[in-house]
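# Architecture at a glance
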Amino acid sequence: MNAPELPNAVRPNALAPAPLSVTVTGARLTYGGTELFADLSLTVEAGVTTGLLGPSGVGKTTLLRMVAGLADPEPPTVIEARDGAPLHGRVAYMAQQDLLLPWLTVLDNVLLGARLRHERRSPDLVARARALLEQVGLAGRETDRPATLSGGQRQRVAIARTLMEDKPLVLMDEPFSALDALTRLRLQDVAASALAGRTVLMITHDPLEALRLGHRIHVMTGRPATVGPALEPPGRIPRAVDDPALLALQAELLRRLAG
Amino acid sequence: MRVVRALITAAVLLALWQGVVSLTGVPRYILPGPLAVADALQRQAPLLVQHGATTLTEILLGLVLGVALGGASALTLASFRTARRWLMPLLVVSQAIPVFALAPLLVLWLGYGMASKVAMAVLVIFFPVTTALFDGLRRTEPGWLDLARTMGASRRSVLWHIRLPAALPAFGSGLRVAAAVAPIGAVIGEWVGSSSGLGYLMLHANARMQIDLLFAALAVLGVFAVALYAAVDALIRRALPWQPDTHPTEEKD
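Small disclaimer: the values here were computed from a predicted structure and weren't measured.

### Focus: the overall build of chain B
The number of helices and strands found in chain B is 10 helices and 0 strands. Along chain B, helices (α) and strands (β) appear in the sequence α-α-α-α-α-α-α-α-α-α when read from the amino end. Dimensions of chain B along its principal axes, counting C-alpha atoms only, are 75 × 55 × 30 Å. Classification of the 253 residues of chain B by burial places 43% in the buried group. In chain B, 72% of the contacts between residues at least 6 apart in sequence involve partners at least 24 apart. Charge centroids of chain B, computed over 19 positive and 12 negative side chains, lie 10 Å from each other.

Written out as structure tokens, the structure is:
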């Protein structure tokens with residue numbers, strides 16, 4: 001199930017953002033009078049993928065939205081980057097839905113950020129978008145409309161669009177949960193090679209997904225929810241589905257989720 | 001195939017109509033048969049063309065102005081909170097007023113010429129277009145807005161690149177309604193007071209018991225309305241190729 005090693009020529013190394021480490025401290029979230037979590041802390045280490053695993057309704061999506069700047073953090077929540085600069089504008093966000101715009105071609109969807117910021121559509125930019133599409137296995141589909149793609153292909157475009165943003169921190173909210181099992185495994189391989197070396201915070205409710213992609217895995221459970229210590233499974237990413245160690249860890253994670 | 005079926009249906013209805021007229025012997029000044037109407041269409045062709053041109057001009061001018069004004073108001077309402085707060089109640093209340101009741105006023109203010117009819121058409125078109133586009137602009141997929149925010153898009157950029165294209169299908173529905181009601185607006189305006197146009201011709205023919213001419217004018221108006229709707233519909237389909245077709249055009253039977 002391992003993806004072939006893809007060339008990493010896609011990243012403009014001179015411009016590549018240095019991986020960023022982010023810490024969340026004292027995070028608090030109340031919803032309809034109940035406290036979903038309080039005094040919650042989480043560290044997202046630089047250059048690796050942190051998986052945040054938790055059941056639905058635990059507040060993990062809101063936590064991610066706070067980091068993305070889409071939800072106002074409740075005091076006394078503090079979200080800060082290690083370098084001290086504000087996170088605003090340094091985050092790429094990928095949601096459960098592919099969020100492709102149906103009226104734009106695949107290539108234009110990948111270039112959406114530049115379009116929205118009125119950046120000039122330079123040949124370099126377009127070349128990079130094409131290279132990214134090739135990296136996610138969609139070469140030749142540049143001028144197609146999203147409606148002609150399958151669910152898995154659409155999510156591949158979303159990965160390319162996320163990478164096109166080339167931000168120091170990548171946030172993913174259950175990015176593959178809407179896909180069927182086989183497509184999900186393939187997309188995890190694509191994501192693992194595409195996101196190598198970046199700081200990623202990925203939310204998931206699927207222990208297998210966390211174990212395949214996460215360098216560090218935290219389990220978020222309870223009410224008010226707490227984040228457990230990081231689990232650092234051995235082995236290269238993406239880890240093989242049939243690895244016995246991985247299956248044992250999956251059982252362990254399921255126990256932690258239930259507890 | 002659709003056109004052929006429609007033509008057959010029309011032919012059957014026309015035959016029934018002619019049959020009723022021939023069998024019952026209704027006088028021509030009460031209900032003329034389709035043959036009599038066809039005859040009137042042919043005999044009075046110059047008259048029908050002359051008055052038809054007036055009405056068509058009113059309809060098209062009304063459509064262009066009404067859609068432009070409606071689109072502009074919807075964009076204004078969507079862009080400015082202040083505009084929404086002050087104008088939305090006005091818009092809702094004004095929709096409750098039967099616009100046709102204003103026709104005599106419009107004739108009084110704008111005269112017997114084309115202006116009052118164009119204004120009437122604009123009024124009936126304005127509201128469906130405004131509400132359709134405004135609704136579309138408000139109902140943008142929230143995920144797209146989140147994505148745009150993380151990409152650092154300005155509000156204007158989001159409106160222009162995401163909310164507006166996303167609202168175009170809704171705008172298209174408003175446009176279809178506009179195309180359907182525009183002829184009504186123009187003809188009502190002509191009924192209230194005018195010296196030319198198909199509405200005027202129909203009243204005139206009615207008063208002189210020239211019912212075949214009235215039907216001929218009605219037929220011309222019907223052709224205008226259908227042609228206009230078909231043209232607008234085709235335009236929308238062409239302009240929005242990504243929009244999944246909700247019309248069961250390709251019914252498999």
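### Describing the interface of chain B and chain A
Of the residues lining the interface, 18 residues belong to chain B; the matching set on chain A comes to 21 residues. Between chain B and chain A the total buried area reaches about 1900 Å² when both faces are included, carbon and sulfur atoms providing 68% of it. Sorting the residues of chain B by area buried against chain A places Thr150(B), Met151(B) and Trp242(B) first, and these three jointly supply 35% of that buried surface. Where chain B touches chain A, the interface holds 4 residue pairs in polar contact (both at pLDDT 80 or more). Breaking the side of chain B that touches chain A down by element, the ones donating at least two residues are helix H7 (142-150) and helix H8 (155-192) of chain B. Among the elements that take part in the side of chain B that touches chain A, H7(B) stands out by supplying 7 residues, more than any other. Looking at the side of chain B that touches chain A residue by residue, the class counts come to 10 nonpolar, 5 polar and 3 charged.

### With respect to the packing of H8(B) against helix H9 (residues 198-207) of chain B
Residue and element names in this part refer to chain B. Two numbers describe how H8 lies on H9: the axes approach to 7 Å, and their chain directions differ by 50°. It follows from the interaxial angle that H8 and H9 lie oblique. Read as a crossing pair, H8 and H9 show a hand that is right-handed. Listed contacts from H9 to Val187, Glu190 and Trp191 of H8 are Leu198, Gly199, Tyr200, Met202 and Leu203.

### Some words on the domain arrangement of chain A
All names here are of chain A. The domains assigned to chain A are domain 1 (1-6 + 18-90 + 167-259) and domain 2 (102-166). The distance between the C-alpha centroids of domain 1 and domain 2 comes to 25 Å. If you look at the interface, domain 1 gives 16 residues, while domain 2 gives 12 residues. Buried surface at the junction of domain 1 and domain 2, both sides included, amounts to about 1100 Å², of which 67% is carbon and sulfur. Of all residues in domain 1, Lys167, Leu187 and Val190 bury the most surface against domain 2, accounting for 40% of the area lost on that side. On the surface where domain 1 and domain 2 come into contact, there are 2 salt bridges.

### A word on empty space enclosed by the protein
The gaps left among the atoms become clear once a water-sized probe is rolled over them. In total, this model carries 4 cavities of 30 Å³ or more according to the counting rule given. Taken as a whole, the largest cavity holds about 50 Å³ of empty space. Those elements giving two or more residues to the lining of the largest cavity turn out to be strand E5 (91-94) and helix H5 (151-165) of chain A together with H7 of chain B. Here the residues of the lining of the largest cavity are counted per class, giving 5 nonpolar, 2 polar and 2 charged.

### Topic: helix H1 (residues 2-24) of chain B
Between the first and last C-alpha of H1(B) there are 33 Å, a value that for 23 residues agrees with the 33 Å anticipated at 1.5 Å per step. Remark: Gly25(B) follows H1(B) within two positions and exhibits a positive phi of approximately 65°.

### Concerning a nonpolar patch on the surface
Residue and element names in this part refer to chain B. Together, Met1, Val4, Ile8, Val12, Leu13 and Leu16 make up a nonpolar patch on the protein surface, roughly 630 Å² of accessible area in all. Summarising the element assignment, Ile8 is placed in helix H1. For Ile8, a relative accessible area of 52% corresponds to the exposed category.

Reading the values: rules and limits
Residues numbered from 1 in each chain as written. Chains lettered and ligands numbered in written order. Predicted model: local features only at pLDDT ≥ 70, side-chain atom pairs only at ≥ 80, totals over all residues. Heavy atoms only, no water. Helix = DSSP H or I, 4+ residues; strand = E, 2+ residues; numbered from the N terminus. Buried < 20%, exposed > 50% of the residue type's maximum accessible area, 1.4 Å probe, protein only. Contact = heavy atoms within 4.5 Å. Lys, Arg positive; Asp, Glu negative; His and termini not counted. Charge placed at Lys NZ, Arg CZ, Asp CG, Glu CD. Buried area = accessible area lost by both parts, 1.4 Å probe. Polar contact = N/O pair within 3.5 Å; in protein donor to acceptor, adjacent residues only side chain to side chain. Nonpolar A, V, L, I, M, F, W, Y, C, P; charged D, E, K, R; others polar. Axes fitted to C-alpha atoms, helices over the stretch in contact; angles between N-to-C directions. Parallel < 35°, antiparallel > 145°, perpendicular 65-115°, else oblique. Left-handed = near helix turned anticlockwise from the far one by under 90°. Domains from an automatic or database assignment. Salt bridge = Lys/Arg side-chain N within 4 Å of Asp/Glu carboxyl O. 1 Å grid on protein atoms, 1.4 Å probe; cavity = no way out; pocket = protein on both sides within 12 Å on 5 of 7 lines; lining within 4 Å. Points joined across faces, edges and corners; volume = space filled by probe spheres on them. Expected span 1.5 Å × (residues − 1). Patch = residues over 30% accessible without salt bridge, like charges linked within 9 Å, V, L, I, M, F, W, Y side chains within 5 Å. Areas by Shrake-Rupley, 256 points an atom, 1.4 Å probe, with all protein chains shown as cover.

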